[in-house]
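Observations on chain architecture
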Amino acid sequence: MRSGIFLKLMAAFLVVILAAAVTFDVTLGGAWQASLRNEIERNLVQKTQLLAHRVETDRSGHSLADIAAQEAQSAGARVTIIDPAGNVLADSESGAGAVENVAQRKEFAAALSGRVGEDQRRSATIGTPFLYVAAPVSGGAVRLAYPLSDVEAVSLQVRRRLELASGLAFFFALFVAAIASQWTSRRLERIVDGAARIADGDLQARILETSHDEIGRVAGAIDKTARRVEQSFAAVRSSQRQLETLLNSMQDAVIAVSADGLVQWANQPMDRLVPQGTRLQQPVVETVRDPDFLAAVKEATTTHEVKTARATSIVPGRAFDVTAAPLPDGGAVAVLRDLTETERVEKTRRDFIANVSHELRTPLTSIQGYAETLLDSTPENGAPTREFLEIIRKNSGRMARLTEDLLTLARVESGETRFESEPVPPAELLHDAEESFREIARSHGIDLQIQDLSLLEGLPQVLADREAIHQVFANLIDNALKYGASGGRVVLGARSVPHAVEFFVQDFGAGIASEHLPRLFERFYRVDKARSRESGGTGLGLAIAKHIMLAHGGSIRAESDLAHGSTFLFTLPTA
Ligand code: ADP
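Residues numbered from 1 in each chain as written. Predicted model: local features only at pLDDT ≥ 70, side-chain atom pairs only at ≥ 80, totals over all residues. Heavy atoms only, no water.

Here we take up the overall build of the protein chain. The helix and strand inventory of the protein chain stands at 14 helices and 17 strands. Expected size for 575 residues packed as a compact globule is a radius of gyration near 25 Å; at 62 Å, the protein chain overshoots this value by more than 25%. Projected onto its principal axes, the C-alpha coordinates of the protein chain cover approximately 200 × 60 × 40 Å. Considering only contacts within the protein chain whose residues lie at least 6 apart along the sequence, 55% involve residues at least 24 apart. Split by element, the accessible area of the protein chain, about 32400 Å² in all, is 56% carbon and sulfur. Side-chain charges of the protein chain comprise 62 positive and 73 negative groups, with the mean position of each set lying 7 Å from the other. (Helix = DSSP H or I, 4+ residues; strand = E, 2+ residues; numbered from the N terminus. Rg over C-alpha atoms; globule rule 2.2 N^0.38 Å. Contact = heavy atoms within 4.5 Å. Areas by Shrake-Rupley, 256 points an atom, 1.4 Å probe, with all protein chains shown as cover. Lys, Arg positive; Asp, Glu negative; His and termini not counted. Charge placed at Lys NZ, Arg CZ, Asp CG, Glu CD.)

Here it is, written out as structure tokens:
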């Protein structure tokens, strides 16, 4: 780094020095040379005019050759005197006539035409540059030739000095560049070291540069960034620790899997669940081998949707409810809830209800039987005995229905009742129901009908256990007759929906207020308790219907328009 900065500084200095030297040479050197030349020129013009004057006045006193020699000596220049034809009359350096005709020389041509003429050229004989100035005199012209070799020598000397100064400046620059590069590179190296430490994860590393120049500002910016990253990192670590503690304190097992199926993280309950422990960064199948669990995780990863499953082979004899949710950057996180205890409690509850119902059946049948026998043997006018017996019979009948319904519900819920599903045309199910209830409905003064028979022909067959579906229709039609009788008619029907057929039982009675609709299928939920009891209801009919539908892979719901009647709809999957 040091030599890089040094070389760059040197190159810059060199360019500056060269540019300065050339500029000096061109501007100052040139100007100085020009002013020297002007000075010489002015002098020479004066001297030439003085010479001309002397030639004019002293021609009689001295010969032209003498004048030329004297003047040449005093002016330090060559003196030439010519006649109007250009023939040399006297010359301080060669004799008269020794030089060819000079009338055509620029300065003489001007002087012969009456003006002071000047020219500068190299002497053909000596080869050095000369400044020639000629002035007219009567009967010819005079000329002084001054050698300019001095000017050239001085210029050369100036250039030498300039070169020497540049050389000195260069060495000085070398020294300055070395110190500057050393100083700068030392500061930059500190910044590079600091940045490298931060990049390697040492977020507490600081450069701590005190200067406020550009380099200082860069160091300050890196320090500030490191401080910010350190703070954010601390916040992330703290929330990560909180999350870890939270996840570890959960009862449910949690495991995170990357998009390529490797275990990323697992909480402690997960670790305890699998005998070999969680294998981080290994395929998830090495930790959990349950196919339903693996399928849910894979599906959540690929579809980016929450998937649920029931896994029974993670730990022998235990069942888990698996919820796999996709992670934002690929992969999924799965939560495993142990269902064993819940299912055991649920089973105990169901068994208890079934057992109680079963146990109550016999004594209730007996009470009913004896009450009826006693009623039969009591004379018509035997009040109040007859009235009491009637009450006993009615209530024991109600209890018998209740135990029967509870038993049915417990058996359907537990899966004890096996449904024999087979492909059945929807029309047949509707006809069976209509046939069974037509007369009962009529006895209630209600018209029971199937809606649009022609529509049913085109419907696909559904997978259903005829008897069970008959039971569902029975419960719904019974309710329609009990609670929707005021409408005067009940309509049955079916229509096609995607992958299923939807059946419905519609009455035109008082309807059900919307707040009751979501709870209608709960056990013992009744809108009007007194009315239900009076009509012999148990509050279990819809709950039984719901469980039968769930066992068929279907669903059931209710729609109602208060004062306009209710519609109960259930779907059965197509065969
Ligand atoms: P219940 O033996 O009381 O009829 P269900 O489970 O069959 O029990 O029905 C639950 C409650 O839903 C009933 O008590 C009644 O209040 C209401 N219900 C059911 N069907 C209808 C209907 N067609 N019209 C109005 N209310 C109804």
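What follows continues from the structure just given.
Time to look at the nonpolar core. Counting 49 residues, the largest nonpolar core has F473, F503 and F570 as the members making the most contacts within it. It is helix 12 (residues 466-483) that provides the largest number of residues to this core, a total of nine residues. Looking at which domains feed residues into this core, each of domain 3 (342-414) and domain 4 (422-573) supplies at least three. Those residues in contact with F570, other than ones at most four positions away along the chain, are I469, V472, F473, L476, V501, E502, F503, M549, S555 and I556. Counting 24 residues, the second-largest nonpolar core is a separate cluster that includes I255, V257, I314 and A334. (Core = buried A, V, L, I, M, F, W, Y, C linked by side-chain atoms within 4.5 Å. Buried < 20%, exposed > 50% of the residue type's maximum accessible area, 1.4 Å probe, protein only. Domains from an automatic or database assignment.)

This paragraph deals with the sheet that holds strand 6 (residues 253-257). Overall, antiparallel pairing links the five strands, which are arranged 7-6-10-9-8 in an open sheet. What marks the edges here is a single partner per strand, and that holds for strand 7 (263-266) and strand 8 (307-311). When strand polarity is set aside, the average angle formed by the axes of neighbouring strands in this sheet is 20°. For strand 8 and strand 9 (residues 320-326), the ladder comprises five bridges, and the chain directions are antiparallel. Along strand 9, the bridge assignment pairs K307 with A324. (Pairing = 2+ DSSP bridges. Axes fitted to C-alpha atoms, helices over the stretch in contact; angles between N-to-C directions.)

This part is about unusual backbone geometry. A positive phi angle, near 60°, is found at H304, a position not held by glycine. Structurally, H304 can be placed in the loop between helix 7 (291-303) and strand 8. The phi torsion at F524 lies on the positive side, around 65°, for a residue other than glycine. Structurally, F524 is set in the loop between strand 15 (500-507) and helix 13 (529-534).

The subject of this paragraph is the environment of E404. Counting through the fold element by element, E404 comes out in helix 9 (residues 385-414). Owing to a relative accessible area of 32%, E404 belongs among the partly exposed residues under this scheme. C-alpha of E404 to C-alpha of L481: the two residues are 77 residues apart in sequence and 21 Å apart in space. A polar contact is formed between the side chain of E404 and the side chain of R361, at a distance of 2.9 Å. (Polar contact = N/O pair within 3.5 Å; in protein donor to acceptor, adjacent residues only side chain to side chain.)

Another point: the sheet that holds strand 2 (residues 88-91). Across the sheet, which stays open at both edges, the five strands sit in the order 2-1-5-4-3 with antiparallel pairing between neighbours. At either margin of the open sheet sits one strand with a lone partner, and together these are strand 2 and strand 3 (117-122). Neighbouring strand axes in the sheet, compared pairwise and without regard to direction, differ in orientation by 20° on average. Lying on the sheet, helix 2 (residues 64-75) is in contact with strand 1 (78-82), strand 2 and strand 5 (140-147); it crosses strand 1 at an angle near 150°.

Turning our attention to the confidence of the model for the protein chain. Averaged over all residues, the pLDDT of the protein chain equals 90, while 98% of them reach at least 70. Mean pLDDT across the secondary structure elements of the protein chain bottoms out at helix 11 (residues 453-457), with 83, and peaks at strand 17 (residues 565-573), with 97. (pLDDT = per-residue confidence, 0-100.)

One can find V472 in helix 12. Residue V472 is classed as buried on the basis of its relative accessible area of 0%. When residues no more than four places from it in sequence are discounted, the contact partners of V472 are A545, I548, M549 and F570.

Let's shift gears to the site of the ligand. Every one of the 20 residues lining the ligand counts as a neighbour, but N479, Y483, D507, S532 and G539 are closest to it. In the environment of the ligand, an oxygen atom lies 2.8 Å from a nitrogen or oxygen atom belonging to the backbone of T538. One of the backbone nitrogen or oxygen atoms of G539 is found 2.8 Å away from an oxygen atom of the ligand. Relative to its free-state accessible area of 530 Å², the ligand is covered by the protein chains to the extent of 96%. Only helix 12, helix 14 (541-551) and strand 17 provide two or more residues apiece to the shell around the ligand. When residues of the shell around the ligand are assigned to their parent elements, the largest contribution, four residues, is made by helix 12. (Near = heavy atom within 4 Å.)

This next bit is on a nonpolar patch on the surface. A surface patch of nonpolar side chains, about 350 Å² in accessible area, is lined by F172, F175 and I179. Secondary-structure assignment places F175 in helix 4 (residues 149-199). (Patch = residues over 30% accessible without salt bridge, like charges linked within 9 Å, V, L, I, M, F, W, Y side chains within 5 Å. Salt bridge = Lys/Arg side-chain N within 4 Å of Asp/Glu carboxyl O.)

This brings us to the pattern of salt bridges. Within the structure shown, the criterion is met by 38 salt bridges. Between K307 and E299 there is a salt bridge, and its shortest N-O distance comes to 3.9 Å. Here E299 falls in the partly exposed class, since its relative accessible area comes to 40%. A salt bridge links E439 to R442, with the shortest nitrogen-to-oxygen separation between them at 3.2 Å. With E439 and R442 both in helix 10 (residues 426-443), this residue pair falls three residues apart, about one helical turn.

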